[in-house]
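Secondary and tertiary structure notes
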Amino acid sequence: MKIVSIGEVLWDILPSTEHLGGAPFNFALHAHNLGYEVCFVSAVGNDHRGNRVLEQMAASNLTTRFIHRATDHLTGTVTVAMDSSGLPQYKIHRPAAYDFPALSPRDFDVLLTPEPDWIYFGTLQQMSPSAHDLTIKLLTAAPAARRFYDVNLRADSFTPELVRTLARHAHILKLNEQELPALRDIGGIQADSREQFCRNCLRIFQLDAVCLTLGPQGCALLLNNEYLESHGFPVHVADTIGAGDAFSAALLHGLNTGWRAAQIADFANRVGALVASRRGGTPHWTVTEAMAL
């Protein structure tokens, strides 16, 4: 099975170190870790950090063919500070290379041959007109692909119109509890409960599933008209960077495998918790370790 992930790749700059990240990049590595063929579409600068992105992708057996070298821009960076509850706070430095992905006609054809089963995208990179145009071109050229929209709202990095457009292109929408008020306003979604929010969100944007992550409390999932809330797994949190992206990869895996909603939510919660117990956005993990939680 083939997944295309399009979005930002960047370096998370922490006080004492830096980690390679960006939600779509993290997702790509975690999905690859689950055994899928993943084609990641983005751009890096002609700089040391860009070289390191390509080196780490190659070391992870993730193809670099669809990574454009944007020579006029630096590889993306984000300054990360942790708040008192261990949640990351981001300062995004833009414009960055990932704002300017590009595919040659040959690479575009290769990317779509065979047609992908899934296309994953977020919001941050889509603020760039060239990135958004390329994403819409991919979605149009692969009409049979299922679309996974991981909302991932960042301050000053979205507009209501953009979020509505992306949601209407999606089949699966995933967001976290902190993003719920913004999406409720953006979509005009009336709701007095999580379940009502998920049902109205699904109806308004004509989705197949809605998943709401609840941090250590787990997640809520609406799938095939079945709504449930699945408990989280207690772990010692190293940091939460990348945990939501690992959750997304596990969620897609369960959806693609055809599991029931309860099994999908349980597995995604396990993987998200496991990654939160390790430093960085893309630590190595195994399904066996996740199931042992």
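Treat the numbers as computed from the prediction; the structure is a model and nothing was measured.

1. Some words on the pattern of salt bridges
Enumeration over the complete set of coordinates arrives at twelve salt bridges. Here Arg-164 ties to Glu-161 by a salt bridge, and the two come within 3.8 Å at their closest N and O atoms. Within this pair, Arg-164 and its partner Glu-161 are both found in helix H5 (residues 160-169), separated by three residues, close to a single helical turn. A salt bridge links Arg-194 to Glu-177; its shortest N-O distance comes to 2.8 Å. Within this pair, whereas Arg-194 is found in helix H7 (residues 194-205), its partner Glu-177 is found in the loop between strand E10 (172-176) and helix H6 (180-187), the two being separated by 17 residues in sequence. Exposure remark for Arg-194: the relative accessible area of 30% places this residue in the partly exposed category. By sharing partners, the salt bridges in this structure join Glu-18, Arg-49 and Arg-52 into a single network.

2. Remarks on the packing of helix H1 (residues 23-33) against helix H8 (residues 243-257)
As a packed pair, H1 and H8 sit with axes 8 Å apart at the nearest point and diverge in direction by 50 degrees. Between H1 and H8, the crossing angle belongs to the class labelled oblique. Between H1 and H8 lies a crossing whose hand is right-handed. On the side of H1, the interface is formed by Ala-23, Asn-26, Phe-27, His-30 and Ala-31, while H8 contributes Asp-245, Ala-246, Ser-248, Ala-249 and Leu-252. Here the contact of H1 with H8 is built from residues that sort into six nonpolar, three polar and one charged.

3. A word on the sheet that holds strand E6 (residues 76-82)
Strand order in the open sheet formed by four strands is E3-E2-E6-E7, with mixed pairing between adjacent strands. Every interior strand has two partners, whereas the edge strands, strand E3 (18-21) and strand E7 (88-93), have only one. Sheet twist, expressed as the mean angle between neighbouring strand axes with direction ignored, is 30 degrees. As paired strands, E6 and E7 are joined by six bridges and run antiparallel to one another.

4. Some points on the packing of H6 against H7
Where H6 meets H7, the axes come as close as 11 Å, and the angle between the chain directions of the two elements is 40 degrees. It follows that H6 is oblique to H7 by the angle criterion. When the axes of H6 and H7 are compared, the crossing they make is left-handed. Contact residues: Leu-180, Leu-183, Arg-184 and Gly-187 in H6; Phe-197, Cys-201, Ile-204 and Phe-205 in H7. Classifying every residue of the contact of H6 with H7 by side-chain character gives six nonpolar, one polar and one charged.

So, how was this worked out
- Residues numbered from 1 in each chain as written.
- Predicted model: local features only at pLDDT ≥ 70, side-chain atom pairs only at ≥ 80, totals over all residues.
- Heavy atoms only, no water.
- Salt bridge = Lys/Arg side-chain N within 4 Å of Asp/Glu carboxyl O.
- Helix = DSSP H or I, 4+ residues; strand = E, 2+ residues; numbered from the N terminus.
- Buried < 20%, exposed > 50% of the residue type's maximum accessible area, 1.4 Å probe, protein only.
- Axes fitted to C-alpha atoms, helices over the stretch in contact; angles between N-to-C directions.
- Parallel < 35°, antiparallel > 145°, perpendicular 65-115°, else oblique.
- Left-handed = near helix turned anticlockwise from the far one by under 90°.
- Contact = heavy atoms within 4.5 Å.
- Nonpolar A, V, L, I, M, F, W, Y, C, P; charged D, E, K, R; others polar.
- Pairing = 2+ DSSP bridges.

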